[in-house]
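# Breakdown of the fold
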Amino acid sequence: MKVRLPWNRLSDFLRGVLMPLQREGAEMELQIELRARSQEGIPRATLDKIRETLDQLQAKVEEA
């Protein structure tokens, strides 16, 4: 399934789609494509914190 949704509806997606599938015993894998922009630029410290979090989540970053 390929889905595009607003970022602020992610928790609804989790509750309404992923959790019901999990309850049914479905094995799932998500592939997330994220585009983030800021006119001021995103500070290096923020990017480092994000990378650290992804490492802790054992996420495989395919492109950066």
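Structure: above.
Before going into details, it helps to say that this report is about the structure given with it. (Residues numbered from 1 in each chain as written. Predicted model: local features only at pLDDT ≥ 70, side-chain atom pairs only at ≥ 80, totals over all residues. Heavy atoms only, no water.)

### Let's talk about the overall build of the chain
The secondary structure content of the chain amounts to two helices and zero strands. A compact globule built from 64 residues should have a C-alpha radius of gyration of about 11 Å, whereas the chain, at 14 Å, is more than 25% larger. Along the first, second and third principal axes, the C-alpha set of the chain runs to 45 × 25 × 15 Å. Out of the 64 residues in the chain, the part that is buried amounts to 3%. Distance between charge centres in the chain, computed from 11 positive and 11 negative side chains, equals 6 Å. (Helix = DSSP H or I, 4+ residues; strand = E, 2+ residues; numbered from the N terminus. Rg over C-alpha atoms; globule rule 2.2 N^0.38 Å. Buried < 20%, exposed > 50% of the residue type's maximum accessible area, 1.4 Å probe, protein only. Lys, Arg positive; Asp, Glu negative; His and termini not counted. Charge placed at Lys NZ, Arg CZ, Asp CG, Glu CD.)

### Considering the pattern of salt bridges
Taken as a whole, this structure holds three salt bridges when the rule is applied. Among the salt bridges present, the one from Asp-12 reaches Arg-15, with a minimum N-O distance of 2.5 Å. Taken as a pair, Asp-12 and Arg-15 lie in helix H1 (residues 10-23) at a separation of three residues, close to a single helical turn. What makes Asp-12 partly exposed here is its relative accessible area of 28%. Of the residues examined, Arg-15 reaches a relative accessible area of 52% and is grouped as exposed. (Salt bridge = Lys/Arg side-chain N within 4 Å of Asp/Glu carboxyl O.)

### Considering a nonpolar patch on the surface
A grouping of Met-1, Val-3 and Leu-5 is seen on the molecular surface, where their side chains present a nonpolar patch of about 340 Å² in accessible area. With respect to the element layout, Val-3 can be found in the segment before H1. (Patch = residues over 30% accessible without salt bridge, like charges linked within 9 Å, V, L, I, M, F, W, Y side chains within 5 Å. Areas by Shrake-Rupley, 256 points an atom, 1.4 Å probe, with all protein chains shown as cover.)

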